[in-house]
Amino acid sequence: MMALDEESPLVDHQIQSGNQTVNHGRDIHILSWAFLLIFLAYGAAQNLQSTLNTDGDLGTISLGILYTSFTVCSLFASSVVRKLGSKNALLMSTTGYWLYIAANLKPSWYTMVPASLYLGFAAAILWVAEVCMLYFTIEII
């Protein structure tokens, strides 16, 4: 039977004195730092939406699109994570945050609306994958 992706940690196994030891604490630290760095950048971009992108209420509407997309995509996010595996889903979903922050460099309806839609999809997957990864890690410990 093929092993699920949830069974493999975020980092490679450490080998100590011939026995294979998995360092799950290190996995949790890597995941925590990655979330901290992503949400430091995203939080700043989100907080400035209604202040900087005021032409036609672009900032507020893009946030509305983002959270509506997040709500709808949450309905099938678990099946996407199950298909991709937690680790791959985490990597894929972080691209939504990068794209949204990059779209803020040249905000227009043609950049912000697609980036908001994609981030809503990616955010739903990110939170499901993160919980799966933490649950698996805690279950092992």
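Residues numbered from 1 in each chain as written. Predicted model: local features only at pLDDT ≥ 70, side-chain atom pairs only at ≥ 80, totals over all residues. Heavy atoms only, no water.

A. Representation of the packing of helix α1 (residues 24–47) against helix α5 (residues 86–103) within the structure. Two numbers describe how α1 lies on α5: the axes approach to 9 Å, and their chain directions differ by 25°. Taken together, the axes of α1 and α5 are roughly parallel relative to one another. Between α1 and α5 the crossing geometry is left-handed. For the pair formed by α1 and α5, the contact residues are Leu-31, Phe-35, Ile-38, Phe-39, Ala-41, Tyr-42 and Ala-45 on the first element and Leu-90, Thr-94, Tyr-97, Tyr-100 and Ile-101 on the second. Partitioned by chemical class, the residues of the contact of α1 with α5 number eleven nonpolar, one polar and no charged. (Axes fitted to C-alpha atoms, helices over the stretch in contact; angles between N-to-C directions. Helix = DSSP H or I, 4+ residues; strand = E, 2+ residues; numbered from the N terminus. Parallel < 35°, antiparallel > 145°, perpendicular 65-115°, else oblique. Left-handed = near helix turned anticlockwise from the far one by under 90°. Contact = heavy atoms within 4.5 Å. Nonpolar A, V, L, I, M, F, W, Y, C, P; charged D, E, K, R; others polar.)

B. Examining α1 more closely. A rise of 1.5 Å per residue sets the reference length of α1, with its 24 residues, at 34 Å; its end C-alpha atoms lie 34 Å apart and thus fit the reference within 8%. Within the span of α1, buried status applies to His-24, Asp-27, Leu-31, Phe-35, Ile-38, Tyr-42, Gly-43 and Ala-45. (Expected span 1.5 Å × (residues − 1). Buried < 20%, exposed > 50% of the residue type's maximum accessible area, 1.4 Å probe, protein only.)

C. Spotlight on the packing of aromatic side chains. Throughout the structure, instances matching the rule amount to nine aromatic pairs. Ring plane angle 85° and centroid distance 5.1 Å describe the contact between Tyr-42 and Tyr-97, whose orientation is recorded as edge-to-face. With Tyr-42 in helix α1 and Tyr-97 in helix α5, this residue pair connects regions lying 55 residues apart in the sequence. Its relative accessible area of 5% is what places Tyr-42 among the buried residues. One aromatic cluster in this structure is built from Phe-35, Phe-39, Tyr-42, Tyr-97, Tyr-100 and Trp-127. (Phe/Tyr/Trp six-rings, centres within 6.5 Å; stacked < 30°, edge-to-face > 60°.)

D. Up close: a nonpolar patch on the surface. The grouping of Trp-33, Leu-36, Leu-37 and Leu-40 at the surface amounts to a nonpolar patch, some 450 Å² of accessible area in total. Among the structural elements, Leu-40 can be located in helix α1. (Patch = residues over 30% accessible without salt bridge, like charges linked within 9 Å, V, L, I, M, F, W, Y side chains within 5 Å. Areas by Shrake-Rupley, 256 points an atom, 1.4 Å probe, with all protein chains shown as cover. Salt bridge = Lys/Arg side-chain N within 4 Å of Asp/Glu carboxyl O.)

E. Highlighting the nonpolar core. Counting residues in each nonpolar core, the largest one holds 25 residues, and the members touching the most others are Tyr-42, Leu-90, Tyr-97, Tyr-100, Leu-119 and Ile-125. Listed by contribution, the elements that provide at least two residues to this core are α1, α3 (58–73), α4 (77–84), α5 and α6 (109–140). Aside from chain neighbours lying at most four places away, what touches Tyr-42 is Leu-66, Tyr-67, Tyr-97, Tyr-100, Ile-101 and Leu-119. (Core = buried A, V, L, I, M, F, W, Y, C linked by side-chain atoms within 4.5 Å.)

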